[in-house]
Amino acid sequence: LKGAFGSRFQPFLRLPHDAVVVKKGWNQSLDTYSAFGGKLSKQAYPFDTEDDEGDLENNMSLSDLLESYNITRFWVMGIALDFCVGGTVLDSLGKNTETKRSKPKSLQQSILVLPCTRAVDPEGSGPDMVRKIRSSGGFI
């Protein structure tokens, strides 16, 4: 929940001072099942600031950020492999049939870090998403 303790970075997480934060889920009318639906946040070290919708609305998208930094490899991990994480990997490959987003031009590889990822349904939709990522050209 926005503004709640659980929505903040874990206090013991050691992020680099120059880390870039992309926020998703800030606008209910936009896709939130992929980080590619997010926007560059104004958050900066020590990452305790908040954005309002106006701050985020006109900021760069994740795809634009990857292209502007000429990122060639994209590593993805997190909770909800079968939803947000999987959707993000599929968007990075340009293979998400739900969003139909284009693959960022600079990306050459998208890698799912499976040991750092958990599925909502580890017996069903989780393994299905792994198969979909592999068959779409993603690395596991």
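Conventions and cut-offs
Residues numbered from 1 in each chain as written. Predicted model: local features only at pLDDT ≥ 70, side-chain atom pairs only at ≥ 80, totals over all residues. Heavy atoms only, no water. Core = buried A, V, L, I, M, F, W, Y, C linked by side-chain atoms within 4.5 Å. Buried < 20%, exposed > 50% of the residue type's maximum accessible area, 1.4 Å probe, protein only. Helix = DSSP H or I, 4+ residues; strand = E, 2+ residues; numbered from the N terminus. Contact = heavy atoms within 4.5 Å. Salt bridge = Lys/Arg side-chain N within 4 Å of Asp/Glu carboxyl O.

Regarding the nonpolar core
Working step 1: One finds L66, F74, L81, V89, L112 and I133 to be the most contacted residues of the largest nonpolar core, which totals 15 residues.
Working step 2: Sorting the residues of this core by element identifies α2 (62–68), β3 (73–79), α3 (81–93) and α4 (125–135) as the ones contributing at least two each.
Working step 3: In this view, F74 contacts F36, L62, L66, T88, S92, L107, Q109, S110 and I111; residues no more than four positions away in its chain are not counted.

Considering the pattern of salt bridges
Working step 1: A complete count under the given rule lists two salt bridges for this structure.
Working step 2: Between R101 and D91 there is a salt bridge; the shortest N-O distance is 2.6 Å. Highlighted residues: R101 in the loop between α3 and β4 (109–118) and D91 in helix α3, separated in sequence by 10 residues.
Working step 3: Classification of D91 by relative accessible area gives buried; the value is 0%.
Working step 4: Of the charged contacts in the structure, one is a salt bridge between R131 and D128, with a shortest N-O distance of 2.3 Å. Within this pair, R131 and its partner D128 are both found in helix α4, separated by three residues, close to a single helical turn.

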